[in-house]
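These are the residues of each chain, in order.
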Amino acid sequence: MIIMQLISPTFSDLMEPNIEIKLFPDGDSYVRINDISKCQGEDVALFHRLYPKQNSAIFNTAQMLHTLKRVGARVTVVAPYLPYARQDKTFLMGESLSAQVLCKLLREFGTIKVVTIDCHFLKKEGEMEYSKLKINNLSAGRLLVEHARKKLGLEHLEVISPDQGASYLVSDYGGKSMSKVRGEYENSVEASRSVESVEREFEVKDKNILILDDMISTGGTMLKAVENVKKGGAQKVICAATHGFFINDSLKKLKDACDGVFTTNSIQNDVAEVDILPLLKSAVKKD
Ligand code: R5P
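Residues numbered from 1 in each chain as written. Predicted model: local features only at pLDDT ≥ 70, side-chain atom pairs only at ≥ 80, totals over all residues. Heavy atoms only, no water.

Visitor: Would you mind showing me how to read the side chain of Asn228 here?
Guide: Along the chain, the position of Asn228 falls in helix H5 (residues 220-231). There is a polar contact of 2.9 Å between the side chain of Asn228 and the backbone oxygen of Val198. The contacts of Asn228, once residues within four sequence positions are left out, are Met178, Val198, Glu199 and Arg200. (Helix = DSSP H or I, 4+ residues; strand = E, 2+ residues; numbered from the N terminus. Polar contact = N/O pair within 3.5 Å; in protein donor to acceptor, adjacent residues only side chain to side chain. Contact = heavy atoms within 4.5 Å.)

Visitor: For this particular structure, what's the right way to read the pairing of strand S15 (residues 261-264)?
Guide: Consecutive residues of a regular strand have side chains that alternate between opposite faces of the sheet. Across the two faces of S15 the burial is the same, with Val261 and Thr263 and Phe262 and Thr264 all buried. Where strand S14 (residues 237-244) and S15 come together, three bridges link them in parallel fashion. Bridge pairing in S15 places Cys239 opposite Val261. Following the backbone out of S14, through helix H6 (residues 250-257) and into the adjacent parallel S15, one traces a crossover that is right-handed. Pairing geometry for S15 and strand S16 (residues 272-274), over two bridges, is parallel. When the bridges of S16 are listed, Thr264 appears paired with Val274. (Buried < 20%, exposed > 50% of the residue type's maximum accessible area, 1.4 Å probe, protein only. Pairing = 2+ DSSP bridges. Right-handed = clockwise from strand over helix to strand, strands pointing away.)

Visitor: Can you help me understand the sheet that holds strand S1 (residues 4-7) in this one?
Guide: What links the strands of a sheet is backbone hydrogen bonding, and the strands pair in either a parallel or an antiparallel sense. Strand order in the open sheet formed by six strands is S1-S4-S5-S6-S8-S7, with mixed pairing between adjacent strands. Among the strands making up the open sheet, the edge pair consists of S1 and strand S7 (126-130). Going across the sheet, the axis of each strand differs from the next one's by a mean of 25°, ignoring polarity. In this sheet, strand S4 (residues 43-47) lies alongside S1 in parallel orientation, the contact comprising four bridges. Looking across to S4, one finds that Met4 is bridged to Val44. Across the face of the sheet, helix H1 (residues 54-70) comes into contact with S1, S4, strand S5 (74-78) and strand S6 (111-117) while running at roughly 160° to S5. Its contacts with the sheet place helix H7 (residues 277-285) against S1, S4, S5, S6 and strand S8 (133-138), and it is angled at close to 165° to S4. (Axes fitted to C-alpha atoms, helices over the stretch in contact; angles between N-to-C directions.)

Okay, structure coming up:
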């Protein structure tokens, strides 16, 4: 039973913060939980976004967890998007399994449970353990589909995913997924592997299509998927994802390529049209 809700400034667009996060002149983080005396021995829900500026957001989480542990609080971290979640596998020898590193850090600093949404490495909804960390992975899939239907004014939409990883998001809607091929790491200072192709083995001709993914980052996946279904003769094409980063000009490119793009507000962006706060709050209440 959660007694206290702690809100970090990273949630200030959705709730009134009651934690202070500032910087010292040298750039070190200063964190203060004003209501710490009310947290003594209590079950606490800590609402804190871990993106953007993920590395400092993670360090701030450790600072808050350490402070709360000192007063015996049991903390559920509510972080709608988990950074590093795509680094759950290695491609080259010696690469870091950063998804496990993140979970280990959260666990060792005293997190009882994480509540998150459409976490990339879990690929299913529900309560589970990953790297010994308890996670309640919620899904925004149904909210996104409802929103797409309203936006297009269409009851019938074929809901598909651009790759196999997001197939759980479309399983309630017929479960059609395309398959994606990524290339090698590009020879650059950035660790990026471009999307070479997205292939499809089902018909889309004359259909209205919603392409649903857990996230849109550089937009490479969605752009290839839109191109593919347009070539296949789809009528209206709309794309949606739980988490939208829209690196560089990818939002503009996607808007130009299809009939609509939107995400939830797990990450703030210009097309964050679906509110995830009620979903997060109801998950915390049920604890
Ligand atoms: C990875 O498989 C994810 O589900 C997304 O498809 C991917 O992360 C999107 O990244 P990008 O927008 O850079 O193609």
